[in-house]
Amino acid sequence: MDWSQDDFEEEAAQVPAAPGQRLGLWVREHLPLVLFALLLISVMVARGFWSPDEPDFAQCVKEMRERGEWLLPYLNGQPYSEKPILFYWCMKASAIVFEKLTGGLGFQQGVAAWALRLPTVIAAIAFMAAFQRWAVRFLQKDVAHLAVIILATTPIWFWQSQFIQIDLLFSVLVAWAWLCWLGGYLLLRGQVSAMREGEHAAWFLKAWAFLALAFLAKGPLALVLSFLLFGAFLLWQKDGKALRSMRLGVGLLIFLLLVAPWSVMMAIKAGPHYVYQLLIHQNFERATHAWDHIQPWYQYGIYMLGDFFPWVLLLPALGFFFMGSGARRAPLARFLALAWFVPFLFLSWVESKQGKYLLMAYPFLALLMAAMLQPLTVEGVSARRIRRIGGLLGLGLGLLAGALLALAFGAGGAKLQGQIAPYKMLVRVLAFVTTLGALSVATRAATGEGRYLVRETGLTLGLIFLLGGTWGFHKLDPQKDTKRWTEAALPLMEGHPVYFWDEIRSGAMLYTPRTMPEIRSDAGLLAMKPGDRLVVIASRWEPGHLGLTPSTMGEFQPMLSMKQGGDEWILMERR
């Protein structure tokens, strides 16, 4: 693999002039991207708002629309300080535009799951297109195609690409800022030929702009990770002098112009407590004194076993490739390795851990892995190497197929079999697809057809995602969406004040025209009037929780009880 190869201009020169030929070539060159886009569009309408996260975002958009608010998100009548504003702007704009364009298709209380999901889907597709274009420009066309397949079929990437959460938008903004910075550095140091004078400066300034947008999406983490990465890279390169040519002053001005207007207006309207909660509590305190998702330092290694499956099986081979092929001496390869290692290391130090926090690192891991696998697509590569790589990918799919087959034929005990009973046919179909994929990859490996290994592994995973994301999501939706709960509880709430015990689960009020003040003390419960309604989650309605006493629990009688997700939701009446 030539780490300084630049075939962008050659590719552009070969594009046919005829419009029909140009379109056909574009589809062939971008087929993995097109299939990824179609996959996301197919699954984004297969379900409603899934607890616990999606209803929170939907409720914020609902309340912002009711208030005509653009400056702050609101949840249950109060300013919501968990994340900055960018993702809420995207969701609200999508809801307004598509409610008018579709005549309110699927909308209820001013929100629709598919409309609020669109910003995430669009961000994922746009990034993947830019990612492929970047890889063609700064690496090779074959590497770009393989990297797109690997990234698109990474389970955590697929899941977050169609989920209503900030993390995908934040991660693609950060990852693209890093790619822009790397592009600027490679041009600055002559690793890649420039297409115009001063091109490197434009890439550096784009990096600052996208870092600003990432800050507006999730806050200071974008800057912390970026400065750690850039510093580690320049230190490895022993190239601190490059800082003089990176337009830092202009870049900082761009950053401030994008970030400062909302930040200042937000601080004036919401006050210092909101600013403290947004910047300090939700970032630095969560990192050092977390209150949720507390995991041991090695947890991201465990997360990756599922989040990056089955490509994770190739990580040892990737390590040998990086150290033994000369890649570690190339600035591009060094940066790609650090763009995975620095977030992995820093986030492992942070107390609060979730697999999605590492999302921005996977594009760089995909590029490194694609560079390792690219020689398999050309003639003359060692048959032994093809068998080794293909055997690992086939093994991964085979293990998954074996697990699915075991479930389909009764493994796991009565309890697990009872839980998967509604999905038994889906499990069997998934087992069949995965088995065919494993056999196909193993056969290709045995016959030395290395150019098909990544493609057929990706195709198998894509079919699994398609079946699970349409058929499976649709069947799981009644358990995860709270619409059934609302339809049953709403008539019993009519004409009565309704409160929520402990921290609100937004799904309880999302489909209703009301808010539900939280009560978090025994005394607060006793202050309720006879006939008032109280929504409780069974696992939290226990003696001792927030000082709750058995005598106070006796002051309430259940009116409605319904299984919701893995818990039970109960509507109570004050006696």
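Above: the structure in question.
> Before we go on, may I ask you to explain the pattern of salt bridges in this structure?
Pairing of side chains with opposite charge becomes possible as their charged atoms draw close. Scanning the entire structure with this criterion turns up 17 salt bridges. Linking D167 and K356 is a salt bridge whose minimum nitrogen-to-oxygen distance equals 3.4 Å. In this pair, D167 sits in helix 9 (residues 166–188) while K356 sits in the loop between helix 16 (331–349) and helix 17 (362–373), placing the two residues 189 residues apart along the sequence. Residue classification places D167 among the buried positions, given a relative accessible area of 6%. On the basis of relative accessible area, K356 is assigned to the buried category, the value being 10%. The partner of R540 in a salt bridge is D502, with the nearest N and O atoms 3.9 Å apart. Here R540, found in the loop between strand 5 (533–537) and helix 24 (550–553), pairs with D502, found in the loop between strand 3 (498–501) and strand 4 (518–519); they are 38 residues apart in sequence, far enough to count as distant. Given the relative accessible area of 14%, R540 is considered buried. On the accessibility criterion, D502 (12% relative accessible area) is buried.

> Honestly, helix 6 (residues 113–138) in this entry has me stumped. Any pointers?
What sets the pattern is the α-helix's 3.6 residues per turn: residues three or four places apart point alike. If you check helix 6, its first and last C-alpha atoms are 38 Å apart, about what 26 residues at 1.5 Å a residue would give, namely 38 Å. Most of helix 6 is tucked away, with 20 of its 26 residues classed as buried.

> What is the right way to read the packing of aromatic side chains from this model?
Two aromatic rings are characterised by how far apart their centres lie and by the angle between their planes. Tallied over the full model, the rule gives 38 aromatic pairs. Ring geometry for W340 against F341: centres 6.4 Å apart, planes inclined by 50°, an arrangement best described as tilted. By relative accessible area, which is 39% here, F341 ends up partly exposed. Here the aromatic cluster, defined as three or more aromatic residues joined through ring pairs, consists of W178, W181, Y185, F204, F230, F233, F335 and F364. A cation sits over an aromatic face here: K206 above W203, 3.7 Å from the ring centre. Between R574 and the ring centre of F556, over which it is positioned, the NZ or CZ distance is 5.8 Å.

> How should the sheet that holds strand 4 be read in this particular structure?
Pairing between the strands of a sheet is mediated by backbone hydrogen bonds and can be parallel or antiparallel. The 5 strands lie next to each other as 4-3-5-7-6, forming an open sheet whose pairing is mixed. On the outer flanks of this sheet lie strand 4 and strand 6 (556–564), each paired with one strand and no other. Here strand 5 runs beside strand 7 (residues 567–574); their pairing, made up of 5 bridges, is antiparallel. Bridged to V535 within strand 7 is L571. Along the sheet face, helix 22 (residues 483–493) touches strand 3, strand 5, strand 6 and strand 7 and points at about 165° away from the line of strand 6.

> How should I be thinking about the nonpolar core in this particular structure?
Note on soluble globular proteins: their nonpolar side chains tend to be buried together. Of all hydrophobic cores here, the largest spans 178 residues; its most connected members are W134, W178, W181, F335, L373 and W485. Of the residues forming this core, the biggest block, 19 residues, is contributed by helix 9. The residues touching F335, leaving out its near neighbours within four places in the chain, are W178, W181, L182, L229, F230, F233 and F364. In this structure, W501, M553, I570 and M572 belong to the second largest nonpolar core, which totals 12 residues.

> Quick question: what am I supposed to make of unusual backbone geometry here?
In terms of backbone geometry, most residues other than glycine have negative phi values and most peptide bonds are trans. Cis geometry is adopted by the peptide bond preceding P52, which originates at S51 and carries an omega value of 5°. For P52, the position within the fold is in the loop between helix 3 (31–43) and helix 4 (53–67). Here the bond from F309 into P310 is cis, since omega is -5°, no more than 30 degrees from zero. Along the polypeptide, P310 turns up in the loop between helix 14 (299–307) and helix 15 (315–324).

Criteria and thresholds
Residues numbered from 1 in each chain as written. Predicted model: local features only at pLDDT ≥ 70, side-chain atom pairs only at ≥ 80, totals over all residues. Heavy atoms only, no water. Salt bridge = Lys/Arg side-chain N within 4 Å of Asp/Glu carboxyl O. Helix = DSSP H or I, 4+ residues; strand = E, 2+ residues; numbered from the N terminus. Buried < 20%, exposed > 50% of the residue type's maximum accessible area, 1.4 Å probe, protein only. Expected span 1.5 Å × (residues − 1). Phe/Tyr/Trp six-rings, centres within 6.5 Å; stacked < 30°, edge-to-face > 60°. Lys NZ or Arg CZ within 6 Å of the ring centre and 35° of its normal. Pairing = 2+ DSSP bridges. Contact = heavy atoms within 4.5 Å. Axes fitted to C-alpha atoms, helices over the stretch in contact; angles between N-to-C directions. Core = buried A, V, L, I, M, F, W, Y, C linked by side-chain atoms within 4.5 Å.

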